[in-house]
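Notes for the structure review
Residue strings, one per chain:
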Amino acid sequence: MSTVQQLPLELVLEIMLYVFIDAQGKPHKQFQHFSLVCRAWTPYAQRLLFRNIRLHDPMKVYGFLRATLPSSEKDSSTERLGNAVRSLEITVLSKEMQSLFPYVLRHCPKLHELNILLYSDIGVMTLLQPPKPSTKDMQEFESVSYASIQLPQIQAIRIDVKLDNSVFLSQLFRIWPSIRHLILQGSAFIAVAQSLQNTESTHLVELNLGKGNTRMLAPVFSTLLMKLLNSSLEPIRILDLRGMFRPTVEGIEQAITKFGRQLRSLRLPVFDPRADFRVLQNCTSLEELIIDGYPRENVREYMPLGNIKHFQFLSTSPSIANMATLIKWVGQMPLLAVLTWVTRGNIYKIDAFLNRLRTFCAGRSIQFRHITSAEDLQEELIEPPSFPREQLMTPVWR
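Residues numbered from 1 in each chain as written. Predicted model: local features only at pLDDT ≥ 70, side-chain atom pairs only at ≥ 80, totals over all residues. Heavy atoms only, no water.

1. Some words on the overall build of the protein
- Helix and strand content of the protein: 14 helices and twelve strands.
- Expressed as a percentage of its 398 residues, the buried residues of the protein come to 52%.
- Counting only contacts in the protein whose residues sit at least 6 apart along the sequence, the fraction spanning at least 24 positions is 68%.
- Accessible surface for the protein amounts to roughly 19,400 Å². Of this, 51% is attributable to carbon and sulfur atoms. (Helix = DSSP H or I, 4+ residues; strand = E, 2+ residues; numbered from the N terminus. Buried < 20%, exposed > 50% of the residue type's maximum accessible area, 1.4 Å probe, protein only. Contact = heavy atoms within 4.5 Å. Areas by Shrake-Rupley, 256 points an atom, 1.4 Å probe, with all protein chains shown as cover.)

This is the structure in structure tokens:
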């Protein structure tokens, strides 16, 4: 009789990938048991387990550093685990975490995504040239020549800042000119945009303004937004403005006018219903439209629909009339492949609305997704092959 250990390795990998993401689309809590089935399975299960790392206190950092020690003569598996890390979520709260951060990065040579919560600033010189480990807790790493190990080439970074001034943020693009996907939360937007030199170039294809960083007048916000967008040598493909505070169309009019034809994905907050949205006519190549609210008449009138493959909207109090209008409008999207409805809280007679949307989508071979919280849609910050971005193996979950 065949045993589980005799399964072809290709089949085992498919099973692991299937089990790794649970029914909610998140890494399965019990996945680590795969590494204990047999020795042949261990390295493959460990590589998946180490793809997405979260470090929020020093004790976990020390354990991670031991498990991923580079160039270990005793056990090459530790270096292999470090090479498996693709996404890192880290909180820099204390001076100890601040001092450990440069070493953590050098244990992840193939890291492409960084999600950092910054309470304490990071010394740029220490980050670029980390000193030889000298503290008691770092004695076992003294043999590692950290100064000779290059920083990983980060392509995607999400930063939430809880301090007023940050030297680290002012040097962000000088440290990582490779950044293509950028999410700025807290005061990060102001810090990064203001420090960017007018002659400085970036390679941004995505700019996402997270919550709490745009408490400024529309002209000032627009100036800083254009400064960031103009710096890119690449076409701007993804623009997420849902973090705008008291959004006004005037704050984004310049950006949409200049970059609208480049955009493939546009994510909008709820604007003043009296706003003039004629500027949206520039978004002729849009493949994804996400609105944190119900699409009002001024959006429906001017938004080009011919290329949209994914439409997502948020609605907390739908009506029969609004839903009928929405379905009629969505029916004018000839390439629509996915329709997503995000809801919050309890909605009266929600089943009737869900059935109506499901029936509409089934009749047009459209995938329908109902999400009860926008947080459930956190995805990797990698460049998507299509919209919506596929749920890959290592999404970043807050």
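2. Side note on the side chain of Ser 87
- Within the fold, Ser 87 resides in strand β2 (residues 87-92).
- A relative accessible area of 1% means that Ser 87 is categorised as buried.
- In terms of polar contacts, Ser 87 uses its side chain to reach the side chain of Asn 52, at 3.2 Å. (Polar contact = N/O pair within 3.5 Å; in protein donor to acceptor, adjacent residues only side chain to side chain.)

3. Focus: the side chain of Asn 282
- Note on placement: Asn 282 falls in the loop between β8 (265-268) and β9 (288-291).
- Of note is the side chain of Asn 282, whose polar atom sits 2.9 Å from the side chain of Arg 261.
- Excluding residues within four positions of it along the chain, Asn 282 makes contact with Ile 256, Thr 257, Gly 260 and Arg 261.

4. Brief notes about the packing of aromatic side chains
- What the rule picks out here adds up to six aromatic pairs.
- Pairing Tyr 103 with Tyr 146 gives two aromatic rings, centres 4.8 Å apart and planes at 70°, and the pair type is edge-to-face. Of the two residues, Tyr 103 sits in helix α5 (residues 95-106) while Tyr 146 sits in the loop between α6 (124-128) and β4 (156-161), which places them 43 residues apart along the sequence. Residue Tyr 103 shares its accessibility class with Tyr 146, and that shared class is buried.
- Aromatic side chains Phe 168 and Trp 176 sit 6.2 Å apart centroid to centroid with 85° between the ring planes, which places their arrangement in the edge-to-face category.
- Residue Phe 168 is classed as buried on the basis of its relative accessible area, which comes to 0%.
- You can call Trp 176 buried: its relative accessible area is 1%. (Phe/Tyr/Trp six-rings, centres within 6.5 Å; stacked < 30°, edge-to-face > 60°.)

5. Quick notes on the pattern of salt bridges
- Under the defined criterion, the tally for this structure stands at nine salt bridges.
- Where Asp 160 meets Lys 162, a salt bridge forms, and the shortest distance between an N and an O atom there is 3.6 Å.
- On the basis of relative accessible area, Lys 162 is assigned to the partly exposed category, the value being 46%.
- Across the salt bridge formed by Arg 242 and Asp 292, the nearest N and O atoms sit 3.9 Å from each other. (Salt bridge = Lys/Arg side-chain N within 4 Å of Asp/Glu carboxyl O.)

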